[in-house]
Amino acid sequence: MSDILIVDDERDIRELISDILEDEGFTTRLAGSSEECMAAIAAEPPGMLILDIWLKDSTMDGIDILKIVKRDYPDVPVVIISGHGNIEIAVAAIKQGAYDFIEKPFNIDQLLVVIRRAMETSRLRRENIALKRRGAEPAEMLGESPAFRMLVGQLDKVTKSNGRVMLTGASGCGKELAARYIHARSNRADGPFVSVACASIEPDRMEEVLFGRESEERGVEPGLLEEANGGVIYFDEVADMPPGTQSKILRVLVDQTFLRVGGADKVQVDLRVISSTNRDLEAEIGAGNFRRELFHRLNVVPIAVPGLEERREDIPTLAEHFIEQLNREQGLPLRPLSEEAAALLQTMNWPGNVRQLRNVIERVLILGDSTGEIEARELPGETGAPAEDGRVVLSGTVATLPLREAREAFEREYLVTQINRFGGNISRTAEFVGMERSALHRKLKSLGVVTGQKGSRQADAESTG
């Protein structure tokens, strides 16, 4: 894509333009008809197209070719030339996506200025797209917990295929990060990654946003599906997609073609589709909110993304990563995390998952001290957390129990919390709480804590830890 294709039915004109451009250091190719033009483009897309509107003995005129080029090769700038030009033709060409319009007979200096500007605009656009793609590369996925390692193992298995993936999990658990991980390690890594936030797009605008639009006033406006051509399109929270759009997306998945809103010509795309949801799609299907056919098309490879509750071992690592990231991006203090603060973070409830953890760290760095370790007292208050004078604040329920029952309730919650914190690894829990492993098992049994089950929060998972 470095040469200029000159298309004109007059041999003298195309050869004259070619001579001028080659004297200026450009490489050119020539075509005298629409058939020769399309064959040349199919063989190798040019860096730029200089296109005559009127082409004798051709099946298509310049406007027809322009439409196809802007549909299939949107990055190729097109300059229209014509000896029969008028303002209506110029306006039509610009609306269809032409960079500029020059009327014959043209001034050589004017032609060179337009060509250089068009080539520079195209170069800047490609660089901008490349920068956006680099900026959209996934942040590092961090963790060592069994749940995290299982997730990464599943993601690695699907990176090299073109299969559709459905990521499930609660809000904030990192589903888009997982999608970007797949993209970055796939054979489409050099292509775009386009995210569609289904929940934030107005239902009556969804089709224009996805499919693009054609109109007399504004010409061709590509949608997100065209932007994702050659790469990945990610439907974030796909359950929020309007029912009417669902049926049209189903057709795109079947044959990879669609019509722009207001358009008559089919647009061909090459896409890999990754979707995510925090809802039970089977329940949504039962309620009539989601098409079963679309679910089966999208749910080829289902992967569950674990929430932070299932990977508490990773919390200190993630917190330290966010501290470094916020320092780099916002200049917030680079403060280490104290052991007490790390332990407290591991025992807190995280309904907002990784996103909530990042917000907590950001809040502490903004409101807290500018130097020194992050202390447990700086974290959001939790029932049962130590007060500033070191006292433990009892919950209302525990405070009303007799001493023996209160002690058992505390021990039970404390030990289950620590088992949770260490990802179900009994040996590491025993070491931290200062008990022999066998003694800890006996204590858990006496407190009615059953290990190795979901209800005991992965208590006996040490073999995978």
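These lines cover the structure that appears in this document, whether it is placed above or below. (Residues numbered from 1 in each chain as written. Predicted model: local features only at pLDDT ≥ 70, side-chain atom pairs only at ≥ 80, totals over all residues. Heavy atoms only, no water.)

Glancing now at the overall build of the chain. When helices and strands are counted, the chain shows 19 helices and 14 strands. In the chain, which comprises 465 residues, the proportion classed as buried is 45%. For the chain, the share of sequence-separated contacts (at least 6 apart) that also reach a separation of at least 24 residues comes to 70%. Carbon and sulfur atoms provide 49% of the accessible area of the chain, an area that totals close to 23,600 Å². (Helix = DSSP H or I, 4+ residues; strand = E, 2+ residues; numbered from the N terminus. Buried < 20%, exposed > 50% of the residue type's maximum accessible area, 1.4 Å probe, protein only. Contact = heavy atoms within 4.5 Å. Areas by Shrake-Rupley, 256 points an atom, 1.4 Å probe, with all protein chains shown as cover.)

Glancing now at a nonpolar patch on the surface. Together, Phe410, Tyr414 and Phe432 give the surface a local cluster of nonpolar side chains, amounting to about 300 Å² of exposed area. With respect to the secondary-structure elements, Phe432 resides in helix α18 (residues 426-433). (Patch = residues over 30% accessible without salt bridge, like charges linked within 9 Å, V, L, I, M, F, W, Y side chains within 5 Å. Salt bridge = Lys/Arg side-chain N within 4 Å of Asp/Glu carboxyl O.)

On to the sheet that holds strand β2 (residues 28-31). Across the sheet, five strands lie side by side as β2-β1-β3-β4-β5; this open sheet has parallel pairing. Two strands in the sheet have a free side with no partner beyond their single neighbour: β2 and β5 (100-103). Going across the sheet, the axis of each strand differs from the next one's by a mean of 20°, ignoring polarity. Taken together, the four bridges between strand β1 (residues 4-7) and β2 define a ladder with parallel strand orientation. Residue pairing in the sheet places Leu5 in a bridge with Arg29 of β2. Contacting β3 (48-52) and β4 (78-82), helix α3 (residues 62-72) runs over the sheet at an angle of about 160° to β3. (Pairing = 2+ DSSP bridges. Axes fitted to C-alpha atoms, helices over the stretch in contact; angles between N-to-C directions.)

For the rest of this paragraph, the subject is the sheet that holds strand β13 (residues 272-277). The strand order across the open sheet built from five strands is β7-β10-β13-β6-β14, with neighbouring strands paired in parallel fashion. The sheet is open, and its two borders are formed by β7 (193-197) and β14 (301-304), each paired with just one other strand. Across the sheet, the mean angle separating the axes of adjacent strands is 20° when strand polarity is ignored. Pairing analysis gives four bridges linking strand β6 (residues 165-168) to β14, with the strands arranged parallel. Each residue of the ladder has a partner; that of Met166, found in β14, is Pro302.

Right, let's talk about the environment of Glu362 for a bit. Looking at the secondary structure, you find Glu362 in helix α15 (residues 353-367). A residue is classified by how much of its surface remains accessible, and Glu362, at 18% relative accessible area, is buried. Residues Glu362 and Leu326, 36 residues apart in the sequence, show an inter-C-alpha distance of 7.1 Å.

On to the packing of α18 against helix α19 (residues 437-446), then. When two helices pack together, you describe them by how their axes are tilted relative to each other and by the distance separating the axes. It is at 9 Å that the axes of α18 and α19 come closest, and there the two elements cross at 95°. Classified by the angle their axes make, α18 and α19 are roughly perpendicular. Residue-level contacts link Ile426, Ser427, Thr429 and Ala430 of α18 to Arg437, Leu440, His441 and Leu444 of α19. For the contact of α18 with α19, a count of residues per class yields four nonpolar, three polar and one charged. (Parallel < 35°, antiparallel > 145°, perpendicular 65-115°, else oblique. Nonpolar A, V, L, I, M, F, W, Y, C, P; charged D, E, K, R; others polar.)

For strand β10 (residues 232-236), a buried count of four out of five residues is recorded, marking the element as mostly surrounded by other parts of the structure. Where β7 meets β10, five bridges bridge the pair, whose relative direction is parallel. Across the sheet, residue Ala197 finds its bridge partner in β10, namely Asp236. Relative to β13, β10 runs parallel, the two sharing four bridges. The partner of Ile233 across the bridge, within β13, is Val273.

With that settled, the discussion passes to unusual backbone geometry. One non-glycine residue, Glu237, lies in the positive phi region at around 55°. Within the secondary structure, Glu237 sits in the loop between β10 and α10 (243-255). Judged by its relative accessible area of 12%, Glu237 is buried. Although it is not a glycine, Gln256 sits at a positive phi angle of roughly 60°. Assignment of secondary structure puts Gln256 in the loop between α10 and β11 (257-259). For Gln256, a relative accessible area of 17% puts it in the buried group.

Let us now look at the side chain of Gln96. The residue Gln96 is located in the loop between α4 (87-95) and β5 in this model. Exposure remark for Gln96: the relative accessible area of 18% places this residue in the buried category. Those residues in contact with Gln96 that sit more than four places away from it in its chain are Ile63, Leu66, Lys67, Lys70 and Val220.

Time to look at the packing of aromatic side chains. Under the defined criterion, the tally for this structure stands at three aromatic pairs. An angle of 20° between the planes, with centres 5.7 Å apart, marks the rings of Phe410 and Tyr414 as stacked. Of the two residues, Phe410 and Tyr414 both sit in helix α17 (residues 403-421), four residues apart, roughly one turn of that helix. When its relative accessible area of 31% is taken as the criterion, Tyr414 is described as partly exposed. The ring of Tyr181 carries Arg185 above its face, with NZ or CZ at 3.8 Å from the centroid. (Phe/Tyr/Trp six-rings, centres within 6.5 Å; stacked < 30°, edge-to-face > 60°. Lys NZ or Arg CZ within 6 Å of the ring centre and 35° of its normal.)

Relative orientation of the contacting elements helix α6 (residues 146-158) and helix α7 (residues 175-184) amounts to 40°, with a least axis distance of 9 Å. Classed by the angle they form, the pair α6 and α7 counts as oblique. Between α6 and α7 lies a crossing of right-handed hand. The segment α6 lies against α7, with Val152, Leu155, Asp156 and Val158 engaging Ala178, Tyr181 and Ile182. When grouped by side-chain class, the residues that make up the contact of α6 with α7 number six nonpolar, no polar and one charged. (Left-handed = near helix turned anticlockwise from the far one by under 90°.)

Moving on to the pattern of salt bridges. This structure, assessed with the given rule, holds 26 salt bridges. Among the salt bridges present, the one from Arg312 reaches Glu309, with a minimum N-O distance of 2.2 Å. Ionic pairing is found between Arg358 and Glu329, a salt bridge with its closest N-O pair at 3.8 Å. Taken together, the residues span a long stretch of sequence, with Arg358 in helix α15 and Glu329 in helix α13 (residues 315-330) at a distance of 29 residues. Here the residues in one salt-bridge network are Glu208, Arg213 and Glu221, joined through shared partners.

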